[in-house]
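# Descriptive structure summary
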Amino acid sequence: MDNLVVEATKSSPYISFDAGKGLLEIKGKSYPENAAKFYSPVFDWLNEYLDTVTDQAIQVNLEIIYFNSSSSKVFLNLFDMLDRAVKNGKKITIDWRYHTENDTARECGEEFMEELEAVKFNLVEIHEE
Amino acid sequence: MSLDLLDLYNRLEKEGIVFCFCGSASQSVVEGIGATLWQRMELQGTQMSIIGRVFPVFVEQMQNIVSHSADRIVSKDESGEELRSGIVIVGYAYGHFFVQCGNFIENADVELLESKLQDLRKMDRKELNALYREERRKAQDLGKTKGAGLGLIEMARKASEPLEFTITPVDEHRSFFSMSTII
């Protein structure tokens with residue numbers, strides 16, 4: 001399966017999904033005009049990947065500095081999908097990475113964590129220098 | 001006829017206005033001003049915890065105008081392309097950032113918007129956080145990806161004081177909505 005790589009823009013994050021390594025990364029700011037439309041290829045890729053993957057451990061790294069309210073709905077949708085996959089036997093860990101001084105990003109991670117039941121969701125603090 | 005720009009500039013500066021945008025808004029405008037606003041706050045040594053509150057309010061207000069303002073120009077061809085207009089101000093006064101926005105709305109939408117905002121004004125941070133999660137979950141179950149509901153809650157919970165707003169009737173079709181958010 002091909003990897004998915006989307007370069008960052010001012011309002012959308014860098015996305016790199018590597019099927020071979022089982023490593024999914026999203027990094028940057030997210031406030032595109034239409035978040036559902038922007039992330040739709042990401043969901044397509046992930047759906048196909050989750051269908052094909054068997055016992056590979058999947059690592060999801062998110063480092064979102066800021067996201068708007070419509071991206072927030074999309075991320076919850078994404079996490080729900082991963083949560084369901086874990087209930088169906090997939091091995092998935094999500095690391096929600098945030099910089100020490102970005103308490104908004106930490107709070108957002110905590111809020112997502114409370115929504116999820118099965119998937120392992122870690123809050124990972126990144127220390128400057 | 002010409003506007004005295006020095007006078008306008010001085011007045012904005014005196015009010016602590018950092019940015020003022022008025023006219024047709026688009027995603028490019030949101031991104032351009034947004035990136036510059038972020039850079040400016042960083043250059044001035046603004047704490048990340050404050051940037052993390054000012055920026056979301058700015059984006060939600062701008063994107064509200066881009067998607068919902070009743071003042072719009074629609075393409076004459078089939079593309080459906082359109083541009084909506086409004087005004088957004090970011091300022092700093094008495095130790096707080098503030099973000100203000102104004103745009104025309106349809107009279108038919110006044111009642112719902114007013115009641116939503118009145119409800120939000122009565123809630124404390126904890127209640128707003130709970131409502132945010134509830135509405136986000138509801139949007140998920142309904143498969144709803146658009147709508148300004150979650151954005152309003154996001155602004156209310158990022159603010160340090162209740163959202164202030166006025167809705168001024170203009171004619172039989174439209175009213176002018178303005179809102180001020182103090183961070």
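Bear in mind the structure is a predicted one, so any value in this text is a computation, not a measurement.

### Points about the overall build of chain B
Check the secondary structure of chain B and you find six helices and six strands. Relative to a compact globule of 183 residues, whose C-alpha radius of gyration would be 16 Å, chain B shows 17 Å and is just as compact. Along the longest, intermediate and shortest principal axes, the C-alpha atoms of chain B span 50 × 45 × 30 Å. In chain B, buried positions account for 31% of the 183 residues. Put simply, 63% of the contacts in chain B that link residues at least 6 apart link residues at least 24 apart.

### Remarks on the overall build of chain A
Along chain A, the regular secondary structure elements total three helices and six strands. Ordered by position from the N terminus, the helices and strands of chain A form the series β-β-β-α-β-α-β-α-β. The C-alpha atoms of chain A give 14 Å as radius of gyration, which agrees with the globular expectation for 129 residues (14 Å, within 12%). C-alpha extents for chain A along the principal axes are approximately 40 × 30 × 25 Å. Among the 129 residues that make up chain A, the fraction classed as buried is 35%. A fraction of 67% describes how many contacts in chain A between residues 6 or more apart in sequence connect residues 24 or more apart.

### Examining the packing of helix α2 (residues 69–87) of chain A against helix α6 (residues 149–158) of chain B
Where α2(A) contacts α6(B), the axes come no closer than 8 Å and their chain directions differ by 110 degrees. Looking at the two axes, α2(A) sits roughly perpendicular to α6(B). Across from Ser69(A), Ser72(A) and Lys73(A) in α2(A), the residues of α6(B) making contact are Leu150(B), Gly151(B) and Glu154(B). Its residues assigned to classes, the contact of α2(A) with α6(B) shows one nonpolar, three polar and two charged.

### Focus on the interface of chain B and chain A
Taken together, the contact between chain B and chain A spans 21 residues of the former and 19 residues of the latter. If you list the elements that add at least two residues to the side of chain B that touches chain A, you get α2 (27–43), α3 (48–68), α5 (125–142) and α6 of chain B. Its residues placed into classes, the side of chain B that touches chain A shows eight nonpolar, seven polar and six charged.

### Considering unusual backbone geometry
The phi torsion at Tyr94(B) lies on the positive side, around 50 degrees, for a residue other than glycine. Mapped onto the fold, Tyr94(B) is located in the loop between β3 (82–93) and β4 (96–106).

### Focus on the packing of α2(B) against α3(B)
All names here are of chain B. With their axes 10 Å apart at the nearest point, α2 and α3 run at an angle of 165 degrees to one another. By the angle class used here, α2 and α3 are roughly antiparallel. Relative to α3, α2 is oriented so that their crossing is right-handed. Every residue of α3 that contacts α2 at Gln27, Val30, Gly34, Leu37, Trp38 and Met41 is listed here: Ile51, Val54, Phe55, Phe58, Val59, Met62, Gln63 and Val66.

### Some remarks on the nonpolar core
Formed by 61 residues in total, the largest nonpolar core has its most connected members in Leu82(A), Ile94(A), Val54(B), Phe58(B) and Met62(B). Top contributing element to this core by residue count: α3(B), with nine residues.

### So, α5(B)
Every α-helical turn comprises 3.6 residues, leaving residues that sit three or four positions apart pointing alike. For α5(B), built from 18 residues, the straight-helix expectation of 26 Å at 1.5 Å per residue is met to within 8% by its first-to-last C-alpha distance of 25 Å. Restricting attention to buried positions, one finds in α5(B) the residues Tyr132(B), Arg136(B) and Ala139(B). End-on, the buried residues of α5(B) take up no more than an arc of 60 degrees, which puts them together on one face. The outward face of α5(B), more than 90 degrees from its buried face, is lined by the exposed residues Lys126(B), Glu134(B), Lys138(B), Asp141(B) and Leu142(B). The inward-facing, buried residues of α5(B) abut α2 of chain A together with α6 of chain B.

### What about the environment of Ser180(B)?
Residues and elements named next belong to chain B. Tracing the backbone through its elements, the reader meets Ser180 in strand β6 (residues 174–182). Along the backbone, Ser180 and Glu161 are 19 residues apart, and their C-alpha atoms lie at a distance of 9.8 Å. When sequence neighbours within four positions are dropped, the list of residues in contact with Ser180 reads Phe98, Gln100 and Glu164.

### A word on the pairing of strand β4 (residues 57–67) of chain A
Residues and elements named next belong to chain A. In terms of strand pairing, strand β3 (residues 23–30) meets β4 through eight bridges, oriented parallel. By the bridge assignment for β4, Ser30 is matched with Phe67. Regarding the hand of the β-α-β motif, the stretch spanning β3, helix α1 (residues 35–52) and β4 is right-handed. Here six bridges tie β4 to strand β5 (residues 91–99), and the two strands are oriented parallel to one another.

### A closer look at the confidence of the model for chain B
Summing up the model confidence of chain B, the mean pLDDT is 93 and the portion of residues at 70 or higher is 96%. This complex was scored by the predictor with a pTM of 0.93 and an ipTM of 0.92.

Definitions and cut-offs
Residues numbered from 1 in each chain as written. Chains lettered and ligands numbered in written order. Predicted model: local features only at pLDDT ≥ 70, side-chain atom pairs only at ≥ 80, totals over all residues. Helix = DSSP H or I, 4+ residues; strand = E, 2+ residues; numbered from the N terminus. Rg over C-alpha atoms; globule rule 2.2 N^0.38 Å. Buried ≥ 20, exposed ≤ 12 C-beta atoms within 10 Å, placed from the backbone. Contact = placed C-beta atoms within 7 Å. Axes fitted to C-alpha atoms, helices over the stretch in contact; angles between N-to-C directions. Parallel < 35°, antiparallel > 145°, perpendicular 65-115°, else oblique. Nonpolar A, V, L, I, M, F, W, Y, C, P; charged D, E, K, R; others polar. Left-handed = near helix turned anticlockwise from the far one by under 90°. Core = buried A, V, L, I, M, F, W, Y, C linked by C-beta atoms within 7 Å. Expected span 1.5 Å × (residues − 1). Arc of directions from axis to C-beta. Pairing = 2+ DSSP bridges. Right-handed = clockwise from strand over helix to strand, strands pointing away. pLDDT = per-residue confidence, 0-100.

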